[in-house]
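# Examining the three-dimensional arrangement
Chain by chain, the residues run as shown.
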Amino acid sequence: DAGVTQSPTHLIKTRGQQVTLRCSPKSGHDTVSWYQQALGQGPQFIFQYYEEEERQRGNFPDRFSGHQFPNYSSELNVNALLLGDSALYLCASSLIRGRVTDTQYFGPGTRLTVL
Amino acid sequence: AQSVTQLDSHVSVSEGTPVLLRCNYSSSYSPSLFWYVQHPNKGLQLLLKYTSAATLVKGINGFEAEFKKSETSFHLTKPSAHMSDAAEYFCVVSDPSIHGSGNTGKLIFGQGTTLQVKP
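Presented here is a report on the structure given in the accompanying data block. Since the model is a prediction, treat every value here as computed from it, not as a measurement.

## Section: the sheet that holds strand E1 (residues 5–7) of chain A
Residues and elements named next belong to chain A. Reading across from one edge, E1-E3-E8-E7 is the order of the four strands in this open sheet, with antiparallel pairing throughout. Across the chains shown, the open sheet's two edge strands, defined by having one partner strand only, are E1 and strand E7 (64–68). With strand direction ignored, the average angle separating the axes of adjacent strands in the sheet is 20°. Pairing between strand E3 (residues 19–24) and strand E8 (residues 74–78): five bridges, direction antiparallel. Across the sheet, the residue bridging to Leu21 is Leu76, located in E8.

## Some details on the interface of chain B and chain A
Reports of interface size often rely on the accessible area that becomes lost once the parts have come together. Contacts between the two partners involve 19 residues from chain B, matched on the other side by 22 residues from chain A. Buried area between chain B and chain A, summed over both chains or domains, comes out near 1,600 Å², and the portion from carbon and sulfur atoms is 49%. Seen at the junction of chain B and chain A, the total is zero salt bridges. Applying the counting rule to chain B against chain A returns five residue pairs in polar contact (both at pLDDT 80 or more).

## So, the pattern of salt bridges
When charged atoms on two side chains of opposite charge get close, those side chains can pair. Residue and element names in this part refer to chain A. In total, this model carries six salt bridges over all chains according to the counting rule given. Between Glu54 and Arg57 there is a salt bridge, and its shortest N-O distance comes to 3.0 Å. What makes Arg57 partly exposed here is its relative accessible area of 28%. With a closest N to O distance of 2.9 Å, Arg63 and Asp85 form a salt bridge. Here Asp85 lies in the loop between E8 and strand E9 (87–94) and Arg63 lies in the loop between strand E6 (53–57) and E7, a separation of 22 residues in the sequence. Comparing Arg63 with Asp85 shows no difference in burial state: the two are buried.

## What to know about the environment of Glu52 of chain A
Residues and elements named next belong to chain A. On the secondary structure map, Glu52 appears in the loop between strand E5 (44–50) and E6. In this structure, the C-alpha to C-alpha distance between Glu52 and Gly40, residues twelve residues apart in sequence, is 32 Å. Setting aside chain neighbours within four positions, we find Glu52 in contact with Gln68, Phe69 and Pro70.

## Overview of the nonpolar core
Core analysis: the largest hydrophobic core is formed by 27 residues, its most contacted members being Trp35, Leu48, Phe74, Leu76 and Tyr89 of chain B. At four residues, the largest contribution of residues to this core is made by strand E10 (residues 87–94) of chain B. Core analysis: the next-biggest nonpolar cluster, separate from the first, contains 20 residues, Val32, Phe47, Ala87 and Tyr89 of chain A among them.

## Let's talk about the packing of aromatic side chains
Taken as a whole and assessed by the stated rule, the structure comprises 14 aromatic pairs over all chains. With 6.2 Å between their ring centres and 40° between their planes, Tyr36 of chain B and Phe109 of chain B make a pair best called tilted. Of this pair, Tyr36 of chain B sits in strand E5 (residues 33–38) while Phe109 of chain B sits in strand E11 (residues 107–109), and the two are 73 residues apart along the sequence. In this pair, the class of Tyr36 of chain B matches that of Phe109 of chain B, namely buried. Judged by centre distance (6.3 Å) and plane angle (50°), the rings of Tyr50 of chain B and Phe74 of chain B are tilted. Taken as a pair, Tyr50 of chain B in strand E6 (residues 44–50) and Phe74 of chain B in strand E9 (residues 73–78) lie far apart in primary sequence, 24 residues in all. Each member of the pair, Tyr50 of chain B as well as Phe74 of chain B, is classed as buried. Each residue in the set Tyr35, Phe45 and Phe106 of chain A together with Phe34, Tyr36, Phe90 and Phe109 of chain B is aromatic and connected to the rest through ring pairs, giving one cluster. Cation over ring: Lys26 of chain A sits above Tyr105 of chain A, and NZ or CZ is 5.5 Å from the ring centre.

Reading guide: rules and limits
Residues numbered from 1 in each chain as written. Chains lettered and ligands numbered in written order. Predicted model: local features only at pLDDT ≥ 70, side-chain atom pairs only at ≥ 80, totals over all residues. Heavy atoms only, no water. Pairing = 2+ DSSP bridges. Helix = DSSP H or I, 4+ residues; strand = E, 2+ residues; numbered from the N terminus. Axes fitted to C-alpha atoms, helices over the stretch in contact; angles between N-to-C directions. Contact = heavy atoms within 4.5 Å. Buried area = accessible area lost by both parts, 1.4 Å probe. Salt bridge = Lys/Arg side-chain N within 4 Å of Asp/Glu carboxyl O. Polar contact = N/O pair within 3.5 Å; in protein donor to acceptor, adjacent residues only side chain to side chain. Buried < 20%, exposed > 50% of the residue type's maximum accessible area, 1.4 Å probe, protein only. Core = buried A, V, L, I, M, F, W, Y, C linked by side-chain atoms within 4.5 Å. Phe/Tyr/Trp six-rings, centres within 6.5 Å; stacked < 30°, edge-to-face > 60°. Lys NZ or Arg CZ within 6 Å of the ring centre and 35° of its normal.

Purely spatial values, then, with no claim about function.
What follows is the structure, encoded as C-alpha coordinates:
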(Lines give C-alpha, C1' and ligand atoms only; values in the text may rest on other atoms or scores of the structure.)
Protein backbone atom coordinates (compact mmCIF):
# COMPACT_ATOMS: atom_id res chain seq x y z
CA ASP A 1 0.00 0.00 0.00
CA ALA A 2 1.73 3.18 -1.21
CA GLY A 3 1.85 6.04 1.22
CA VAL A 4 1.72 9.73 0.35
CA THR A 5 4.03 10.58 -2.52
CA GLN A 6 5.31 13.99 -3.61
CA SER A 7 7.22 15.23 -6.64
CA PRO A 8 9.71 16.55 -7.30
CA THR A 9 12.01 15.89 -4.36
CA HIS A 10 14.04 19.03 -4.86
CA LEU A 11 13.51 22.15 -6.93
CA ILE A 12 15.56 25.29 -7.57
CA LYS A 13 13.89 28.41 -8.95
CA THR A 14 14.72 32.10 -9.25
CA ARG A 15 12.76 35.03 -7.87
CA GLY A 16 9.66 35.89 -9.86
CA GLN A 17 9.24 32.44 -11.35
CA GLN A 18 6.29 30.12 -10.84
CA VAL A 19 6.41 26.58 -9.45
CA THR A 20 4.05 23.59 -9.29
CA LEU A 21 4.38 20.84 -6.70
CA ARG A 22 2.48 17.57 -6.86
CA CYS A 23 1.04 15.17 -4.31
CA SER A 24 -0.63 11.77 -4.51
CA PRO A 25 -2.58 10.79 -1.39
CA LYS A 26 -2.48 7.50 0.44
CA SER A 27 -4.80 4.91 -1.07
CA GLY A 28 -8.37 5.37 0.18
CA HIS A 29 -7.88 8.98 1.30
CA ASP A 30 -9.96 11.81 -0.16
CA THR A 31 -8.44 14.94 1.41
CA VAL A 32 -5.13 16.68 0.83
CA SER A 33 -3.58 19.38 3.01
CA TRP A 34 -0.47 21.40 2.24
CA TYR A 35 2.03 22.78 4.74
CA GLN A 36 5.12 24.98 4.48
CA GLN A 37 8.07 24.24 6.76
CA ALA A 38 10.78 26.89 6.87
CA LEU A 39 14.20 25.88 8.11
CA GLY A 40 14.18 25.34 11.87
CA GLN A 41 10.43 25.91 12.18
CA GLY A 42 7.34 23.80 12.58
CA PRO A 43 5.12 23.31 9.52
CA GLN A 44 2.47 25.94 8.80
CA PHE A 45 -0.90 25.15 7.24
CA ILE A 46 -1.41 26.53 3.73
CA PHE A 47 -4.75 25.02 2.65
CA GLN A 48 -6.80 21.86 2.44
CA TYR A 49 -8.66 20.36 -0.53
CA TYR A 50 -11.67 18.07 -0.43
CA GLU A 51 -14.04 17.16 -3.26
CA GLU A 52 -11.90 19.27 -5.61
CA GLU A 53 -12.54 22.44 -3.62
CA GLU A 54 -10.48 24.45 -1.16
CA ARG A 55 -12.06 23.59 2.18
CA GLN A 56 -10.05 25.91 4.41
CA ARG A 57 -7.02 28.15 4.11
CA GLY A 58 -4.24 29.36 6.35
CA ASN A 59 -2.63 32.79 6.43
CA PHE A 60 -0.91 32.67 3.02
CA PRO A 61 -1.20 35.19 0.16
CA ASP A 62 -3.09 34.55 -3.05
CA ARG A 63 0.21 33.73 -4.77
CA PHE A 64 -0.33 30.30 -3.26
CA SER A 65 -3.04 28.36 -5.03
CA GLY A 66 -3.98 24.76 -5.43
CA HIS A 67 -6.03 22.21 -7.20
CA GLN A 68 -7.42 18.76 -6.51
CA PHE A 69 -8.14 16.30 -9.29
CA PRO A 70 -10.93 13.67 -9.51
CA ASN A 71 -8.43 10.97 -8.47
CA TYR A 72 -7.79 13.01 -5.25
CA SER A 73 -4.23 13.98 -6.20
CA SER A 74 -3.34 17.62 -5.73
CA GLU A 75 -1.09 20.41 -6.95
CA LEU A 76 0.30 23.41 -5.12
CA ASN A 77 1.16 26.41 -7.28
CA VAL A 78 3.21 29.38 -6.15
CA ASN A 79 3.47 32.45 -8.39
CA ALA A 80 5.95 35.33 -8.30
CA LEU A 81 8.38 33.44 -6.08
CA LEU A 82 10.14 35.30 -3.29
CA LEU A 83 13.32 34.34 -1.47
CA GLY A 84 11.17 33.73 1.61
CA ASP A 85 9.27 30.98 -0.18
CA SER A 86 12.32 28.74 0.18
CA ALA A 87 11.12 25.89 2.40
CA LEU A 88 10.12 22.25 2.63
CA TYR A 89 6.59 21.82 1.32
CA LEU A 90 4.71 18.95 2.89
CA CYS A 91 1.59 17.27 1.67
CA ALA A 92 -0.67 15.32 4.03
CA SER A 93 -3.59 13.09 3.14
CA SER A 94 -6.54 12.02 5.26
CA LEU A 95 -10.14 10.87 5.16
CA ILE A 96 -13.06 13.08 6.11
CA ARG A 97 -15.79 11.42 8.17
CA GLY A 98 -18.72 13.82 8.34
CA ARG A 99 -17.20 17.18 9.32
CA VAL A 100 -14.22 15.51 10.98
CA THR A 101 -10.84 14.94 9.34
CA ASP A 102 -9.17 11.76 10.43
CA THR A 103 -5.44 11.38 11.11
CA GLN A 104 -3.21 13.07 8.56
CA TYR A 105 -0.36 11.13 6.94
CA PHE A 106 2.53 13.11 5.54
CA GLY A 107 4.64 12.69 2.44
CA PRO A 108 8.43 13.17 2.36
CA GLY A 109 8.14 16.75 1.11
CA THR A 110 9.50 18.86 -1.72
CA ARG A 111 12.50 21.06 -0.92
CA LEU A 112 12.11 24.38 -2.80
CA THR A 113 15.05 26.74 -3.04
CA VAL A 114 14.49 30.23 -4.47
CA LEU A 115 17.62 32.09 -5.60
CA ALA B 1 -7.06 30.61 19.08
CA GLN B 2 -5.38 27.27 19.38
CA SER B 3 -1.64 27.04 19.98
CA VAL B 4 1.08 24.77 21.33
CA THR B 5 4.30 25.63 23.10
CA GLN B 6 7.16 23.17 23.23
CA LEU B 7 9.11 24.12 26.31
CA ASP B 8 12.51 22.83 25.18
CA SER B 9 14.08 23.47 21.78
CA HIS B 10 16.77 20.86 22.42
CA VAL B 11 16.91 17.81 24.73
CA SER B 12 19.94 15.58 25.14
CA VAL B 13 19.82 12.16 26.84
CA SER B 14 22.05 9.12 27.07
CA GLU B 15 21.02 5.88 25.43
CA GLY B 16 18.96 3.78 27.83
CA THR B 17 17.79 6.73 29.97
CA PRO B 18 14.23 8.17 30.04
CA VAL B 19 13.01 10.77 27.58
CA LEU B 20 10.70 13.68 28.47
CA LEU B 21 9.61 16.20 25.84
CA ARG B 22 7.32 18.90 27.20
CA CYS B 23 4.34 20.50 25.50
CA ASN B 24 1.69 22.94 26.70
CA TYR B 25 -1.37 23.72 24.65
CA SER B 26 -3.96 26.45 24.47
CA SER B 27 -7.42 25.67 23.18
CA SER B 28 -10.91 27.06 23.63
CA TYR B 29 -12.40 23.68 22.92
CA SER B 30 -11.75 20.07 23.81
CA PRO B 31 -8.60 19.61 21.73
CA SER B 32 -7.25 16.83 19.59
CA LEU B 33 -3.51 16.58 20.26
CA PHE B 34 -0.76 14.76 18.43
CA TRP B 35 2.96 14.10 18.54
CA TYR B 36 4.77 13.74 15.22
CA VAL B 37 8.43 12.82 14.65
CA GLN B 38 10.61 13.96 11.77
CA HIS B 39 13.87 12.20 10.98
CA PRO B 40 16.42 14.05 8.81
CA ASN B 41 15.36 14.31 5.18
CA LYS B 42 12.16 12.42 5.87
CA GLY B 43 8.51 13.31 6.23
CA LEU B 44 6.50 13.52 9.43
CA GLN B 45 5.44 10.31 11.13
CA LEU B 46 2.58 10.13 13.63
CA LEU B 47 3.73 8.86 17.04
CA LEU B 48 0.40 9.09 18.86
CA LYS B 49 -2.83 11.06 19.15
CA TYR B 50 -5.28 12.09 21.87
CA THR B 51 -8.93 12.56 20.94
CA SER B 52 -10.75 12.72 24.31
CA ALA B 53 -10.66 9.03 25.09
CA ALA B 54 -8.11 7.73 27.66
CA THR B 55 -5.84 10.46 29.03
CA LEU B 56 -2.76 8.22 28.82
CA VAL B 57 -2.06 7.56 25.16
CA LYS B 58 0.31 4.89 23.95
CA GLY B 59 2.06 5.31 20.63
CA ILE B 60 4.59 3.60 18.45
CA ASN B 61 8.18 2.72 19.38
CA GLY B 62 7.47 2.76 23.12
CA PHE B 63 6.40 6.41 23.33
CA GLU B 64 3.42 7.58 25.37
CA ALA B 65 1.88 10.88 26.36
CA GLU B 66 -0.47 11.99 29.12
CA PHE B 67 -3.19 14.58 28.60
CA LYS B 68 -3.56 16.78 31.71
CA LYS B 69 -6.38 19.26 31.30
CA SER B 70 -5.70 21.03 34.62
CA GLU B 71 -2.13 21.74 33.50
CA THR B 72 -2.94 22.14 29.78
CA SER B 73 -0.04 19.81 29.10
CA PHE B 74 0.61 16.88 26.77
CA HIS B 75 4.15 15.73 27.55
CA LEU B 76 5.80 12.92 25.59
CA THR B 77 7.78 10.23 27.42
CA LYS B 78 9.71 7.06 26.75
CA PRO B 79 11.25 4.88 29.47
CA SER B 80 14.50 4.12 27.64
CA ALA B 81 15.99 6.08 24.76
CA HIS B 82 17.44 4.38 21.71
CA MET B 83 19.92 5.86 19.27
CA SER B 84 17.28 5.64 16.53
CA ASP B 85 15.05 8.04 18.53
CA ALA B 86 17.31 10.99 17.64
CA ALA B 87 15.06 13.28 15.56
CA GLU B 88 12.87 16.39 15.62
CA TYR B 89 9.61 16.05 17.57
CA PHE B 90 6.53 18.20 17.08
CA CYS B 91 3.58 18.66 19.39
CA VAL B 92 0.46 19.45 17.37
CA VAL B 93 -3.06 20.65 18.14
CA SER B 94 -5.94 20.53 15.70
CA ASP B 95 -8.10 23.55 14.97
CA PRO B 96 -11.62 22.47 15.92
CA SER B 97 -14.65 22.99 13.75
CA ILE B 98 -16.71 26.12 13.96
CA HIS B 99 -19.24 23.95 15.75
CA GLY B 100 -16.83 23.57 18.65
CA SER B 101 -15.90 19.97 18.29
CA GLY B 102 -14.22 17.62 15.93
CA ASN B 103 -11.13 18.10 13.89
CA THR B 104 -11.35 20.22 10.76
CA GLY B 105 -7.92 19.10 9.69
CA LYS B 106 -5.95 22.31 10.19
CA LEU B 107 -2.98 21.23 12.29
CA ILE B 108 -1.09 23.79 14.37
CA PHE B 109 2.50 22.77 15.07
CA GLY B 110 4.85 23.73 17.86
CA GLN B 111 8.35 24.93 17.06
CA GLY B 112 9.80 21.47 17.58
CA THR B 113 12.20 19.81 20.01
CA THR B 114 15.43 18.29 18.78
CA LEU B 115 16.18 15.06 20.64
CA GLN B 116 19.83 14.08 20.79
CA VAL B 117 20.71 10.58 22.06
CA LYS B 118 24.29 10.05 23.18
CA PRO B 119 25.88 6.59 23.27
